[in-house]
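# Chain and residue survey
Given next are the chains, with one letter for each unit.
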Amino acid sequence: MSAAGFPDDFVWGAAAASYQIEGAADADGKGPSTWDMFCERPGKIYNGQTGAVACDHYHRYPEDVSLMRELGLQAYRLSLSWPRLIPAGIGASNPAGFDFYDRLFDALLEAGITPYVTLFHWDYPLALYHRGGWLNRDSAHWFAEYTERVARAFGDRIKVWMTFNEPQVFIDGGHREGRHAPGDQLRFHEVLRACHHVLLAHGQAVRALRAHVRETRVGYAPVTLTYVPSPGEPADVDALRTCMFQTNSHNLRTNAWWIDPVILGRYPEDGLAYYGGEVPEIASGDLETIAAPLDFLGANIYSADFVRRDRGGKPELAPVPHGFPRSAFDWPITPDALYWGPRLLHERYQLPIVITENGVSCRDQPSLDGTVQDTGRSDFITRYLIELRRAVAEGAPVQGYFHWSILDNFEWAHGYKHRFGLVHVDYATQKRTLKESARHYADIIRTNGASLPDVEHGC
Ligand code: IFM
């Protein structure tokens with residue numbers, strides 16, 4: 001442990017995802033994804049925007065890697081575009097797609113930046129959707145085959161892998177609410193079936209990675225819904241734990257339903273009772289497959305809900321106080337999410353934790369002098385990392401932190417309205433500008449956290 005409070009081998013990184021930055025949506029043999037299709041549907045994306053060009057990272061990755069190097073990033077978390085690699089999802093590979101990632105990985109390694117690769121961050125081959133997508137049990141095999149192919153191609157250089165990013169969001173948002181691709185509003189038992197197939201795909205992919213990559217470290221990157229004490233209330237750990245791991249709603253953006261099978265090898269009892277007859281058939285051996293051992297649990301944490309007890313002593317969600325700080329997305333800014341989240345996740349799952357996403361949307365624009373003064377983001381980073389340091393000091397084995405995002409990018413249904421980047425992107429010219437927060441984060445990286453102020457709480 002360094003004097004700064006972070007382990008000496010702590011990994012400081014930033015993250016992005018294929019569809020959100022690559023662009024080149026139909027270049028060099030890439031197949032269409034469900035997001036390419038969804039973006040064409042009127043009214044689905046803010047101002048009719050699409051990811052067709054995004055940050056044009058496909059062509060501009062050398063400049064982007066140079067910026068990462070300038071920041072001193074130690075690792076970069078990216079996702080692969082499945083339809084760029086295998087245009088129809090199964091069948092023939094696209095050599096140009098493999099070449100692109102070969103060049104990108106070589107550039108990163110040459111810059112001393114370790115790639116952390118996510119297999120799936122929502123970029124789903126349209127051809128597979130037409131075969132039934134995640135509702136089809138074969139989807140797990142399709143995913144395992146894709147995984148095997150990329151493991152064989154890149155496993156010599158890529159040692160850290162994650163299977164799914166925020167499966168809760170693409171299943172719930174894309175298959176129940178219809179607000180994300182593919183835009184379906186399925187019946188709830190079908191949503192649970194799609195979820196089960198994603199979990200099976202996860203387990204099969206973990207096996208494929210272990211079979212084809214030597215000395216690999218494999219993780220999973222769900223969004224981890226986090227709960228913190230209501231401002232002014234004392235910490236009530238039991239109440240926080242209850243809220244964090246209960247499954248009692250038809251909103252599938254929950255933790256235990258998605259993480260317990262993967263790590264504990266079982267669906268949570270309260271969820272099984274609550275969903276009753278809507279739970280899909282779980283074939284013998286499925287849970288063993290799903291619970292293939294992992295090396296770390298990724299946690300995507302942005303904002304938390306507030307918890308208190310009602311008059312009867314039951315934990316309940318508390319309102320956000322008047323005037324409480326919020327991001328441009330309107331998400332409450334709750335630094336102690338990075339304390340309670342890792343602490344309770346580790347307590348339940350007993351795996352090392354990597355913060356695979358954390359960040360904030362701000363209204364960033366270049367000033368007349370060309371600089372981007374996003375002091376709100378710098379302050380966000382400081383406050384959240386102080387809380388993460390507290391979690392580490394109290395024994396949570398947190399191995400790394402990835403800021404979301406390296407670049408401003410395509411924010412799904414919100415198009416380009418929200419800016420999350422450490423680097424500002426002018427979408428008309430594709431000019432990149434390091435924001436003030438990028439330099440602030442670079443100092444934190446350089447000092448392994450010692451440049452953070454020496455206060456006990458970030459709030
Ligand atoms: O941009 C998204 C990312 O794709 C998934 N996690 C949350 C980010 C911000 O909304």
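Before going into details, it helps to say that this report is about the structure given with it. (Residues numbered from 1 in each chain as written. Predicted model: local features only at pLDDT ≥ 70, side-chain atom pairs only at ≥ 80, totals over all residues. Heavy atoms only, no water.)

On inspection of all chains with the given rule, the structure shows 31 salt bridges. Put simply, aspartate 286 and arginine 137 hold a salt bridge, and the shortest N to O gap is 2.8 Å. With aspartate 286 in helix α13 (residues 286-290) and arginine 137 in the loop between α6 (126-129) and α7 (139-154), this pair connects stretches of sequence that are 149 residues apart. The partner of arginine 179 in a salt bridge is glutamate 177, and the shortest N-O contact between them spans 3.1 Å. A network of salt bridges, in which partner residues are shared, links Asp364, Asp374, Arg377, Asp408, Arg419 and Lys435. (Salt bridge = Lys/Arg side-chain N within 4 Å of Asp/Glu carboxyl O. Helix = DSSP H or I, 4+ residues; strand = E, 2+ residues; numbered from the N terminus.)

What follows deals with helix α10 (residues 237-245). Along α10, the positions that sit buried rather than exposed are Ala239, Leu240, Cys243, Met244 and Phe245. Tucked inside the fold, the buried residues of α10 contact β6 (226-229), α11 (256-264), α12 (269-275), β8 (304-309), β9 (315-318) and α14 (337-349). (Buried < 20%, exposed > 50% of the residue type's maximum accessible area, 1.4 Å probe, protein only. Contact = heavy atoms within 4.5 Å.)

The next subject is helix α5 (residues 95-110). Compared with an ideal rise of 1.5 Å per residue, which puts 16 residues at 22 Å, α5 spans 22 Å between its outermost C-alpha atoms and is within 8% of the ideal. Contacts from the buried residues of α5 go to α1 (18-21), α3 (57-71), β2 (75-79), α4 (82-85), β3 (114-120) and α7. Within two residues after α5, glycine 112 carries a phi angle of roughly 80°, on the positive side. (Expected span 1.5 Å × (residues − 1).)

Another point: the sheet that holds β2. On the basis of which strands lie adjacent, the closed barrel formed by eight strands has the order β1-β2-β3-β4-β5-β7-β10-β11 and parallel pairing. Across the sheet, the mean angle separating the axes of adjacent strands is 25° when strand polarity is ignored. Sheet topology places strand β1 (residues 11-15) next to β2; three bridges connect them, and they run parallel. For alanine 14, the partnering residue across the bridge sits in β2 and is tyrosine 76. Strands β3, β4 (160-165) and β5 (217-221) of the sheet are contacted by helix α9 (residues 188-212), whose axis makes an angle of about 170° with β4. (Pairing = 2+ DSSP bridges. Axes fitted to C-alpha atoms, helices over the stretch in contact; angles between N-to-C directions.)

Scope: geometric values only; no functional claims are made or implied.
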